[in-house]
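Listed here are the chains, written in short residue letters.
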Amino acid sequence: MLNRGEVVTVTFTRAAGAKPGVTKVLYQGVEAGQLTKIEPSADGRRLDFHLRLVPAAKSGLNSNARFWLIGANPNLSDLSSLKAVVSGVAIAMRPAREASPQTDLRGWTRRL
């Protein structure tokens, strides 16, 4: 069970085409996990994305870690967003150091 990775919840304002079992979590272009479930948050205003990350990601999961949707806003001047139109949305992550450990995080939609 320990080798299955770290499970975190990241809250987004919209799903933007993300699909459980299909949408990948990327760290510097390398697959670091997968979206396992999407459900409405307790207040009903946002969506909780449940992610399973590789075990090595645990040390970077804290209040300074960042997650965002790649390709949620297709744009002709952004090649990565156009690629997502074909391959689907992905979730990018940026681990962080020197902050309190955390597994409930906030994500956002932005263009890279």
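Residues numbered from 1 in each chain as written. Predicted model: local features only at pLDDT ≥ 70, side-chain atom pairs only at ≥ 80, totals over all residues. Heavy atoms only, no water.

Asks: Help me understand the overall build of the protein chain, please; the structure alone is not making it clear to me.
Replies: Counting its regular elements, the protein chain contains one helix and seven strands. Secondary structure elements of the protein chain occur, N-terminal to C-terminal, as β-β-β-β-β-α-β-β. Within the protein chain, the proportion of its 112 residues that are buried is 38%. Considering only residue pairs separated by 6 or more positions, the protein chain has 66% of its internal contacts joining residues 24 or more positions apart. Surface exposure of the protein chain reaches about 6,900 Å², of which carbon and sulfur atoms provide 52%. (Helix = DSSP H or I, 4+ residues; strand = E, 2+ residues; numbered from the N terminus. Buried < 20%, exposed > 50% of the residue type's maximum accessible area, 1.4 Å probe, protein only. Contact = heavy atoms within 4.5 Å. Areas by Shrake-Rupley, 256 points an atom, 1.4 Å probe, with all protein chains shown as cover.)

Asks: How should I be thinking about the pairing of strand β3 (residues 30-40) in this particular structure?
Replies: Remember that side chains alternate between the two faces of the sheet whenever the strand is regular. For strand β2 (residues 24-27) and β3, the ladder comprises four bridges, and the chain directions are antiparallel. Residue pairing for β3: leucine 26 is matched across the bridge by glutamate 31. Here β3 runs beside strand β4 (residues 47-53); their pairing, made up of seven bridges, is antiparallel. Opposite glutamate 39, over in β4, you have aspartate 48 as the bridge partner. Counting the residues that bridge the hairpin from β3 to β4 gives six residues, and of these glycine 44 lies at a positive phi of roughly 75°. (Pairing = 2+ DSSP bridges.)

Asks: Explanation requested: the nonpolar core in the structure shown.
Replies: If you look at soluble globular proteins, the nonpolar side chains tend to sit buried side by side. Counting residues in each nonpolar core, the largest one holds 18 residues, and the members touching the most others are Phe12, Phe49, Leu51, Leu53, Phe67, Ile91 and Met93. Those elements giving two or more residues to this core turn out to be β1 (6-12), β3, β4, β5 (66-70) and β6 (90-94). Those residues within four positions of leucine 53 in sequence are excluded, and the remaining contacts are Arg4, Gly5, Glu6, Val8, Val25, Ala32, Gly33, Leu61, Phe67 and Met93. (Core = buried A, V, L, I, M, F, W, Y, C linked by side-chain atoms within 4.5 Å.)

Asks: Please explain the pattern of salt bridges as it appears in this structure.
Replies: Pairs can form between side chains of opposite charge once their charged atoms are near each other. In the structure shown here, the tally under the stated rule is two salt bridges. As a salt-bridge pair, lysine 24 and glutamate 31 come within 3.8 Å of each other at their nearest N and O atoms. Look at glutamate 31 and you get partly exposed, because its relative accessible area is 44%. (Salt bridge = Lys/Arg side-chain N within 4 Å of Asp/Glu carboxyl O.)

Asks: Sorry, what's going on with the environment of threonine 23 here?
Replies: Relative to the elements of secondary structure, threonine 23 occurs in the loop between β1 and β2. Here threonine 23 falls in the buried class, since its relative accessible area comes to 3%. Residues threonine 23 and threonine 36, spaced 13 residues apart in sequence, show a C-alpha to C-alpha distance of 8.5 Å.

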